[in-house]
Amino acid sequence: MKGDQIPDTDHVARFCRPMQVSDGQIQATAFLLRPGEKSLSVNWLEFLNCSSRESEITKIRTTYSETFTVGARARIAILNGGEVRKKVLTESPDGQNLEVLHDPLMNDPSHSGIYNLKQDDELIAELILETVRESYSARK
Amino acid sequence: MPEIDLHRIPNGFDPAQIPSIVYGNKSINDNSPSGYPYSDTEAYESFPKKFPRRVFYKKTAFVNQEEFSTSIIDSPDNQDSITQVILLENEEDQVQELIFQIRKSLSITYHESLANRILTLFNDAKEEDSDCLGIAAESLRNFYNFFRLHTNLKCPTISLTPDYNIYASWRGEQNRVFSVHFLPNGDVRFVIFKANDRHPKRKIRISGVATIDILMEAVKPFHIEGWISE
């Protein structure tokens, strides 16, 4: 349901644009807010109710391809919600308390957001980057 | 009376020989033949020219990035479509010129790698959205000027911010990080992660704002130059 907090044990996928990827490595710029954005868009993987990470990624890729252009070098970053929150809370200078909330869209029911980020916060983006444990090609 | 052949393609570019009248909101197509102003034609050829140049969007819609509104640039006073085309072309021309300058800057150790990477980023941005800026020219200019001031820097990992600004990162042993966001106004925002020598399990994390000319001076206490330079 909209606004539900995603459990700390669950995972989210972040679409990383080709210009935020270098030699297949995701860069911190993938975790910067665009002007006017209030949250970092992600997809809640456990919400998809799949049996494996591979099938979750397949579903996410389908959602991406149906809604926007997916560049050849685009990647999917997998983050653990709790790890991101803890990392930023304990290691950001002002102890920023992020929230990972479900924010379903009509055509994208697993859509969620990482909230309480500030615009142009490169330090937080670098901290989030350090929590990326897996990445996959975003193209089908 | 001699007939005018409207389909004849002129042999050389001579504006006086190409009468052009543009009515209303039609745009001018430059069909001038060859004559690249640069000697490095191979690199010039690799610069994308096929992208349609219609409207200059300062912000563009991006699905799955909700709460982000699309709006046409409104400074000053919402330019008409021709003005917007000119703005975009000027910006792209500047980016093109800067990439060439970087490629030709033999004093910069990794001039070729940097130019190639920036070109790739431009193409990636345009592949996603042909109406986007590609790269913010003034951000790229600041990046270039920074490398002209510090010619012996190791090649950074370069990416683009959501605003199409240049973001350069150097990473070293012990998870050392030095990242610099080159803003179009000449400022830079930087981030430093480094080991805390007295407390090995902890890290020092610093962020700040400077200008390109004093950035390395500002981060001197953190001994950055030693490991990001050749």
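First, a word on scope: everything that follows refers to the structure included in this document. (Residues numbered from 1 in each chain as written. Chains lettered and ligands numbered in written order. Predicted model: local features only at pLDDT ≥ 70, side-chain atom pairs only at ≥ 80, totals over all residues. Heavy atoms only, no water.)

## Focus: the overall build of chain A
Each helix and strand in chain A was counted, giving three helices and eight strands. Each helix and strand of chain A, ordered N terminal to C terminal, gives the series β-β-β-β-α-β-α-β-β-α-β. Since a compact globule built from 140 residues should have a radius of gyration of about 14 Å, the 14 Å found for chain A is in line with a globular shape. Expressed as lengths along the three principal axes of its C-alpha atoms, the size of chain A is roughly 40 × 35 × 30 Å. Counting all 140 residues of chain A, 58% fall into the buried class. In chain A, once contacts between residues fewer than 6 apart in sequence are set aside, the share between residues at least 24 apart is 73%. When the accessible surface of chain A is totalled, it reaches about 5800 Å², and 49% of it is carbon and sulfur. (Helix = DSSP H or I, 4+ residues; strand = E, 2+ residues; numbered from the N terminus. Rg over C-alpha atoms; globule rule 2.2 N^0.38 Å. Buried < 20%, exposed > 50% of the residue type's maximum accessible area, 1.4 Å probe, protein only. Contact = heavy atoms within 4.5 Å. Areas by Shrake-Rupley, 256 points an atom, 1.4 Å probe, with all protein chains shown as cover.)

## Details of the nonpolar core
Note on soluble globular proteins: their nonpolar side chains tend to be buried together. Residue and element names in this part refer to chain B. In terms of nonpolar packing, the biggest core is built from 45 residues, with Leu140, Phe143, Trp170, Phe178 and Leu215 touching the most fellow members. At seven residues, helix α3 (residues 111-128) tops the list of elements feeding residues into this core. What Trp170 contacts, discounting residues up to four positions off in sequence, is Phe146, Phe147, Leu153, Lys154, Cys155, Pro156, Arg176, Val177, Phe178, Val180, Trp227 and Ile228. (Core = buried A, V, L, I, M, F, W, Y, C linked by side-chain atoms within 4.5 Å.)

## Things to note about the sheet that holds strand β7 (residues 203-211) of chain B
Residues and elements named next belong to chain B. The five strands lie next to each other as β3-β4-β5-β6-β7, forming an open sheet whose pairing is antiparallel. Where the open sheet ends on each side, the last strands, each with one partner, are β3 (157-160) and β7. Sheet twist, expressed as the mean angle between neighbouring strand axes with direction ignored, is 15°. Of the pairings in the sheet, the one linking strand β5 (residues 176-182) to strand β6 (residues 187-195) comprises six bridges and is antiparallel in character. Paired with Val180 across the strands is Phe190, a residue of β6. Relative to strand β4 (residues 166-172), helix α4 (residues 137-149) is tilted by about 40°, and along the sheet it contacts β3, β4 and β5. (Pairing = 2+ DSSP bridges. Axes fitted to C-alpha atoms, helices over the stretch in contact; angles between N-to-C directions.)

## Some words on the sheet that holds strand β5 (residues 75-80) of chain A
Residue and element names in this part refer to chain A. Pairing in this open sheet of six strands is antiparallel, and the strands run β6-β7-β4-β1-β5-β8 from one edge to the other. Of all strands in the sheet, those bounded by a partner on one side alone are β6 (99-102) and β8 (134-137). Across the sheet, the axes of successive neighbouring strands diverge by a mean angle of 35°, strand direction being ignored. Examined bridge by bridge, strand β4 (residues 40-44) and strand β7 (residues 111-115) share four bridges and lie antiparallel to one another. Among the inter-strand pairings, Asn43 is bridged to a residue of β7, identified as His111. Across the sheet, helix α1 (residues 53-67) is in contact with β1 (11-16), β4, β5 and β8; its angle to β5 comes to roughly 125°. Strands in contact with helix α2 (residues 81-91) are β5 and β6; relative to β5, the strand with the most contacts, it is inclined by about 75°.

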